[in-house]
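Chain residues, written in single-letter form:
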Amino acid sequence: MINEATDKGSDASDIGFDIQQLLALFYEKFGNTDHPPLAYFAPGRVNLIGDHTDYTGGFVFPCGTDTGSLLLIRRTSDKHYRLASTNFELVMQLNQEQIDQPHNDHWINYPLGVIDQFRQGGFDINGLDCLLSGNVPNGAGLSSSASIEVVTAFAINALFDCNLTLIDLIKMAQAAENEFVGMQCGIMDQFAVAMAQDKHAMLLNCNNLQHRQVPLSLQGNSIVLANTNQRRELNDSAYNQRVAECSRALELIAQHVDVIELGQVRLADLQQHEAIFKDDPVAFARARHVVSENARVNAAVPALEKGDIMAFGKLMNESHESLKTDFAVSSEPLDTLAGIARTQKGVLGSRLTGAGFGGCTVNIVQENLVEEFKSVVGQQYKEQTGLSADFYLINPGAGVRQITL
Ligand code: GLA
């Protein structure tokens, strides 16, 4: 069963979609039968602090966005799966035999991976028409993929009366990404887009999935994302390599310290055992990031709750440095953008957010200086890199839900 907070319908215009236009498109692509579609939405996510910790059983602090993925969906009985998106030209029509293999590098792997999870769970998902529309920028590190996975899982659960819990759906969405798409991501993105609450961020312990919603009272400051618009070099393979490096670090340290996950290691224990990493300094650096990042998350959240936004911002800056130096997931455009941001008046903190290798920085900026921030940072960034940044003001929004039509 789904928890009440996410079960309520809400209005599509609140999240920036023209539902009548989408319905017209749905009927144009799939025909008008007796069954109208239902509508569901899942947001994107912005992680405020705690990156590359989730797959080590560590801590993260993400919030949902007020943009995301809208899905119009209906059951069909013809054993075909028709998938279309307003963000891409293609409409795919697949039969039962064509849905259990990934299709190159294609967006349909996200919904197909989810359908595959339901089928593995013994549910007969025997035909669907799906139209997706996303207003989270793709490839910006805001989890448009998790958003598609979670909205698909949530909708199928409702349409086929599967009666799974939201936690089940989150795990299935993550498994879809791990098994079908081939990215060994942790659980943060799927958890955040499912569980987000309006005006809150969540402190999530990825080891046991305990979480706490924390009101985002930023006292006259705003969350501003800056998109490097760097051509994305990432590659799931660089990400998967970091996951493997963390596993190596765990193997070494677990011979000396009683831990099951790298995220449980304390900094003092890691430092005491530095010598065991002498042949693998990369694994040591990766472990130092994970361990210190967990400590930063656990210091940042109470600081925020006490109203000490300055301390929160400082920890964000330190997080970026650690992701750059020890974890090696930053990039020149990200460093340039964060560096320029930090020299501006009214900027409390700036760091890359998400997987890195391009994408966005997240910045805490004094509300009345946001416009100046955008124009000055945008201009200096252009001068230094030749790239044009985009800026988005984030209003932390709620998690996956049905939308009233
Ligand atoms: C990606 C992954 C997440 C997480 C972040 C980095 O967004 O999907 O699981 O590892 O990178 O924090």
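From a predicted model like this one, the values you see are computed outputs, not experimental measurements. (Residues numbered from 1 in each chain as written. Predicted model: local features only at pLDDT ≥ 70, side-chain atom pairs only at ≥ 80, totals over all residues. Heavy atoms only, no water.)

**Student:** Just to check I follow, could you spell out the overall build of the protein for this structure?
**Tutor:** The number of helices and strands found in the protein is 12 helices and 14 strands. Its C-alpha atoms give the protein a radius of gyration of 21 Å, near enough to 22 Å, the size a compact globule of 405 residues would have. In terms of overall dimensions, the protein has a C-alpha envelope of 65 × 50 × 40 Å along the principal axes. The burial tally for the protein puts 58% of its 405 residues in the buried class. Sequence-distant contacts in the protein: of pairs separated by 6 or more residues, those separated by 24 or more amount to 74%. On the protein, roughly 16,600 Å² of surface is accessible, and the fraction owed to carbon and sulfur atoms is 47%. The centroid of the 29 positive side-chain charges in the protein is displaced by 4 Å from the centroid of its 48 negative side-chain charges. (Helix = DSSP H or I, 4+ residues; strand = E, 2+ residues; numbered from the N terminus. Rg over C-alpha atoms; globule rule 2.2 N^0.38 Å. Buried < 20%, exposed > 50% of the residue type's maximum accessible area, 1.4 Å probe, protein only. Contact = heavy atoms within 4.5 Å. Areas by Shrake-Rupley, 256 points an atom, 1.4 Å probe, with all protein chains shown as cover. Lys, Arg positive; Asp, Glu negative; His and termini not counted. Charge placed at Lys NZ, Arg CZ, Asp CG, Glu CD.)

**Student:** Explain the environment of Glu 97 to me, please; I cannot follow it from the model alone.
**Tutor:** Turning to its location among the elements, Glu 97 is positioned in the loop between β6 (91-95) and α3 (109-120). Considered as a pair, Glu 97 and His 80 are 17 residues apart in the sequence and their alpha carbons are 9.8 Å apart.

**Student:** What am I meant to see in the pairing of strand β7 (residues 128-134) here?
**Tutor:** Taken residue by residue, a regular strand's side chains alternate between the two faces of the sheet. For β7, the buried fraction is high: six of the seven residues fall into the buried class. Judged from the seven bridges that link them, strand β4 (residues 62-75) and β7 form a sheet pairing that is antiparallel. Bridge pairing in β7 links Ile 73 to Cys 130. As paired strands, strand β5 (residues 80-85) and β7 are joined by five bridges and run parallel to one another. (Pairing = 2+ DSSP bridges.)

**Student:** Got a minute to help me understand the environment of Gly 58 in this structure?
**Tutor:** Residue placement: Gly 58 occurs in the loop between β2 (38-47) and β3 (59-60). Taking the C-alpha atoms as reference points, Gly 58 and Thr 336, separated by 278 residues in sequence, lie 28 Å from one another. When sequence neighbours within four positions are dropped, the list of residues in contact with Gly 58 reads Thr 53, Leu 204, Asn 205, Cys 206, Asn 207, Gly 263 and Asn 294.

**Student:** What is the right way to read the nonpolar core from this model?
**Tutor:** Buried together is how nonpolar side chains tend to be arranged in soluble globular proteins. Counting residues in hydrophobic clusters, the biggest one holds 52 residues, and the most contacted among them are Ile 73, Phe 118 and Leu 128. No other element matches helix α4 (residues 144-159), which puts nine residues into this core. Dropping the residues within four chain positions of it, Phe 118 is found in contact with Phe 123, Ile 125, Ala 153, Ile 156, Asn 157, Cys 162, Leu 164, Leu 169 and Met 172. Counting residues in hydrophobic clusters, the runner-up holds 28 residues, among them Val 46, Leu 142, Ile 223 and Val 301. (Core = buried A, V, L, I, M, F, W, Y, C linked by side-chain atoms within 4.5 Å.)

**Student:** What am I meant to see in the state of the cysteines here?
**Tutor:** Formally, a disulfide is one covalent bond, and it connects the sulfur atom of one cysteine to the sulfur atom of another. One pass over the structure, following the stated rule, counts zero disulfides. Not part of a disulfide, Cys 206 finds its nearest cysteine sulfur in Cys 185, a span of 11 Å. On the basis of relative accessible area, Cys 206 is assigned to the buried category, the value being 10%. (Disulfide = S-S within 2.5 Å.)

**Student:** Hey, could you run me through unusual backbone geometry in this one?
**Tutor:** For residues besides glycine, phi is generally negative; the peptide bonds are generally trans as well. In this model, Asn 229 sits at a positive phi of 50°, which is unusual for a non-glycine residue. In this fold, Asn 229 is placed in the loop between β10 (221-227) and α7 (236-253). Classification of Asn 229 as partly exposed rests on a relative accessible area of 34%.

**Student:** Could you clarify how one ought to interpret the layout of surface pockets in this entry?
**Tutor:** Take a probe with the size of a water molecule and roll it over the atoms, and the empty space left behind shows itself. Taken as a whole, the second largest pocket encloses approximately 250 Å³ of empty space. Leu 216, Asn 221, Ile 394, Asn 395 and Pro 396 are the residues nearest the centre of the second largest pocket, which is lined by 13 residues in total. Looking at the lining of the second largest pocket, the elements that each hand over two or more residues are β10 and β13 (390-394). Of the residues forming the lining of the second largest pocket, the biggest block, three residues, is contributed by β10. (1 Å grid on protein atoms, 1.4 Å probe; cavity = no way out; pocket = protein on both sides within 12 Å on 5 of 7 lines; lining within 4 Å. Points joined across faces, edges and corners; volume = space filled by probe spheres on them.)

**Student:** Sorry, what's going on with the sheet that holds strand β11 (residues 347-352) here?
**Tutor:** The strand order across the open sheet formed by four strands is β11-β12-β10-β13, and the pairing between neighbours is antiparallel. Taken across any chain shown, the strands that pair with only one partner, and hence form the sheet edges, are β11 and β13. Sheet twist, expressed as the mean angle between neighbouring strand axes with direction ignored, is 20°. The pairing of β11 with strand β12 (residues 360-366) spans five bridges and is antiparallel. Across the sheet, the residue bridging to Arg 351 is Val 362, located in β12. Against the sheet, helix α10 (residues 309-325) touches β10, β11 and β12, its axis set at about 25° to β11. (Axes fitted to C-alpha atoms, helices over the stretch in contact; angles between N-to-C directions.)

**Student:** Looking at this structure, how should I read the side chain of Gln 344?
**Tutor:** Mapping Gln 344 onto the fold places it in the loop between α11 (332-342) and β11. A distance of 3.1 Å separates a polar atom in the side chain of Gln 344 from the backbone oxygen of Ile 340. Those residues in contact with Gln 344 that sit more than four places away from it in its chain are Phe 373, Val 376, Val 377 and Gln 380. (Polar contact = N/O pair within 3.5 Å; in protein donor to acceptor, adjacent residues only side chain to side chain.)

**Student:** Which parts of the structure should I look at to understand the sheet that holds strand β9 (residues 211-215)?
**Tutor:** By way of backbone hydrogen bonds, the strands of a sheet pair with one another, either parallel or antiparallel. Pairing in this open sheet of three strands is antiparallel, and the strands run β3-β8-β9 from one edge to the other. The sheet is open, and its two borders are formed by β3 and β9, each paired with just one other strand. Sheet analysis places β3 next to strand β8 (residues 200-205), joined by two bridges and oriented antiparallel. Within the sheet, the bridge partner assigned to Val 60 lies in β8 and is Leu 204. Docked against the sheet, helix α6 (residues 188-195) engages β3, β8 and β9, running at close to 140° with respect to β8.

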